[in-house]
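So you can see what is in the structure, the chains are spelled out below.
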Amino acid sequence: MNYQPKAVEPASGKAQASRLASLLDRYFQISKFGSTIRTEVLAGLTTFLAASYVIVVNPSILSHAGIPFSAGVTATVLVSFIGSCAMGLYARSPILVAPGMGINALFAYTMVVGAKVPLEIALGCVFWAGVLFTVMAFFNLRQTIIEAIPVDLRYGIACGIGLFIALIGFENAKFIVANPDTIVGLTTFNPVTLTFIAGFILTVGLVVRKVPGAMMAGMILTTILSIPIGRWWGDGSAFWPDTPDVHTLVNWSGFSAAPDFSFVGQIDLIGALSLIYVPFIFVFLFTNFIEALSTFLGLAEAADLKDEQGLPRNIKQSMHVDAVAALISAPLGTSPATVYLESGAGIAQGGRTGLVALVAGLLFVPFLFLSPLLSLVPAVATAPVLILTGLFMSEPMSKIRWTDIDEAIPAFLAIVLIPLTFSITLGLSLAIIAYVLIKLVCGRAGDVKPVMWFVALLAAALVAQTQ
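Residues numbered from 1 in each chain as written. Predicted model: local features only at pLDDT ≥ 70, side-chain atom pairs only at ≥ 80, totals over all residues. Heavy atoms only, no water.

- In the nomenclature of an unreviewed UniProt entry, the protein corresponds to AGZA family xanthine/uracil permease-like MFS transporter from the organism Ensifer adhaerens.

Structure follows, in structure tokens:
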């Protein structure tokens, strides 16, 4: 009797998928934090779509400093990919990392255009600021500072950032506009406004009904509703001030574009250490530090992404990634990277783990070649998501001890000044300064931890730099 051993059949695709799902769940602790792989993936996609404008906007700003637009796109994609994937895999945090808005304007307009600093030296200043930022992160100086910030002020930061995100959403939709008589005001209703309102109502309906991927679906539906603008009714030219002849909201500008590595390594490290440029290094350091600090605190409070001590979860590892991402930005040819507010969109979608950041980071890669496709998603389509994100981030407002006036006033200042100054950095800095001064005049200076005095001095220096 001949015995033929049974061939070992390869594992089925279903079994392999099950093993992968199990591996992802164990590594990212998805079930532990009450999420699912599907939710995390959808949240990653939502975060990416909410922040994808950076692929176009950051290079546009950098181009005013002399960095070719195509090189700026490549640098933006690379930094966002590396930083976000590292945040997901190492820090296991659902926070996206990309070149920061605001600090890129500081780099391009204030430093290069305004102060006439040579571009390569300006990038060198960014690099040395990144070095100091990294030293602070790896010696846990940033974590020490976070621990020193009072809890009510943390709640205020979260709410202030939420209102700021909502304001950006309303501005993206051109629903709230500048008004010389009342500072800001409501726009007149028009086809674009009505499209935004329809998209917002549809998105709210999907969220209330708890439809999986509601935020992402809302963006897609609003994009579809925007297609007729400028074609069959309405005018979208206000959304394209650099090309006013474009009247449509949803535009096809091509399918692909080749990556441009021509500006990688174009950096003057020695020249940037000249005494005259040292103030710029510290401005970059302070700005990046305060903005990243407030974003970490705000997102952690709003989404309850905290550990047993009440600190942002995996904060040490997250700060390491944030610092290294800022460090590699200049050699790749862009202004400093930082953690992104738009991460709140994915968190609002239900994302809770590093898989969110990993998915978002991986989604940047195709846009080394496909960046023109992003023009298909207009700003008005991201507006409903940003407004709802602002709502979700405002939840900690109820936790502030409003009867303790010396604690409540700094928190209130953070809530109102972050959106009203249109700057997280300035709003938080002023709130920190107010906290220290209020405690001082109330005779409660002992309530202020020593580190907070140092942070207040840094904040004061940063505010003074803007005057």
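So much for the structure itself; the text now carries on.
## A look at helix 6 (residues 119-138)
Right, so step 1: Between its terminal C-alpha atoms helix 6 stretches 29 Å, which fits the 28 Å expected from 20 residues at 1.5 Å a residue.
Right, so step 2: Burial analysis of helix 6 places 14 of its 20 residues in the buried class, the great majority of the element. (Helix = DSSP H or I, 4+ residues; strand = E, 2+ residues; numbered from the N terminus. Expected span 1.5 Å × (residues − 1). Buried < 20%, exposed > 50% of the residue type's maximum accessible area, 1.4 Å probe, protein only.)

## Some points on the side chain of threonine 223
Right, so step 1: By the secondary structure assignment, threonine 223 is in helix 10 (residues 214-226).
Right, so step 2: Excluding its chain neighbours within four sequence positions, the residues that come into contact with threonine 223 are Val250, Leu376, Val377, Pro378 and Ala381. (Contact = heavy atoms within 4.5 Å.)

## Let's talk about the pattern of salt bridges
Two side chains with opposite charge may pair up if their charged atoms get near one another.
Right, so step 1: This model, assessed by the stated rule, comprises 7 salt bridges.
Right, so step 2: For aspartate 406, the salt bridge goes to arginine 444, with nearest N and O atoms at 2.8 Å. Remark: arginine 444 occurs in the loop between helix 18 (424-441) and helix 19 (450-466) and aspartate 406 occurs in helix 17 (residues 405-420); sequence separation between them is 38 residues.
Right, so step 3: Lysine 439 is the salt-bridge partner of aspartate 447, the closest N and O atoms lying 3.2 Å from each other. (Salt bridge = Lys/Arg side-chain N within 4 Å of Asp/Glu carboxyl O.)

## Quick word on the packing of aromatic side chains
Right, so step 1: Applying the stated criterion across every chain, the model contains 11 aromatic pairs.
Right, so step 2: Linked through ring pairs, Phe170, Phe175, Phe189, Phe196 and Phe200 together constitute an aromatic cluster.
Right, so step 3: Positioned over the ring face of tyrosine 27 is arginine 92, at 3.9 Å from the centre of the ring. (Phe/Tyr/Trp six-rings, centres within 6.5 Å; stacked < 30°, edge-to-face > 60°. Lys NZ or Arg CZ within 6 Å of the ring centre and 35° of its normal.)

## Some points on the pairing of strand 3 (residues 183-186)
Right, so step 1: Note: strand 2 (residues 176-179) against strand 3, 4 bridges, orientation antiparallel. Looking at the pairing, asparagine 179 lines up with isoleucine 183 of strand 3.
Right, so step 2: The turn joining strand 2 and strand 3, which pair antiparallel and follow one another in sequence, is formed by 3 residues. (Pairing = 2+ DSSP bridges.)

## Structural notes on the environment of serine 429
Right, so step 1: Structurally, serine 429 is set in helix 18.
Right, so step 2: Residues serine 429 and alanine 461 lie 32 residues apart in sequence; the distance between their C-alpha atoms is 9.4 Å.
Right, so step 3: Discounting chain neighbours no more than four positions away, the residues touching serine 429 are Ile290, Ala459, Leu462 and Val463.

## Some details on a nonpolar patch on the surface
Right, so step 1: Together, Leu186, Phe189, Leu194, Leu202, Ile220, Leu221, Ile224, Leu225, Ile227, Trp232 and Trp233 make up a nonpolar patch on the protein surface, roughly 1100 Å² of accessible area in all.
Right, so step 2: At the level of secondary structure, the elements contributing two or more residues to the nonpolar patch comprise helix 9 (191-208) and helix 10.
Right, so step 3: The element contributing the most residues to the nonpolar patch is helix 10, with 4 residues. (Patch = residues over 30% accessible without salt bridge, like charges linked within 9 Å, V, L, I, M, F, W, Y side chains within 5 Å. Areas by Shrake-Rupley, 256 points an atom, 1.4 Å probe, with all protein chains shown as cover.)

## Some points on the environment of glutamate 407
Right, so step 1: Turning to its location among the elements, glutamate 407 is positioned in helix 17.
Right, so step 2: The spatial distance from the C-alpha of glutamate 407 to the C-alpha of proline 150 is 8.3 Å, given a sequence separation of 257 residues.
Right, so step 3: Setting aside its immediate chain neighbours within four residues, glutamate 407 contacts Pro150, Asp152, Arg401, Tyr435 and Lys439.

## Describing helix 17
Right, so step 1: Taking 1.5 Å of rise per residue, 16 residues should cover 22 Å, and helix 17 covers 22 Å from first to last C-alpha, within 8% of that figure.
Right, so step 2: Buried residues of helix 17: Asp406, Glu407, Ala408, Pro410, Ala411, Ala414, Ile415, Ile418 and Pro419, and no others.

## A word on the environment of leucine 368
Right, so step 1: Within the secondary structure layout, leucine 368 lies in helix 15 (residues 367-370).
Right, so step 2: On the basis of relative accessible area, leucine 368 is assigned to the buried category, the value being 14%.
Right, so step 3: Spatially, the C-alpha atom of leucine 368 lies 14 Å from that of alanine 98, the residues being 270 residues apart in sequence.
Right, so step 4: Ignoring any residue separated from it by four or fewer positions in sequence, one finds leucine 368 in contact with Thr74, Val77, Leu78, Ala257, Ala258 and Pro259.

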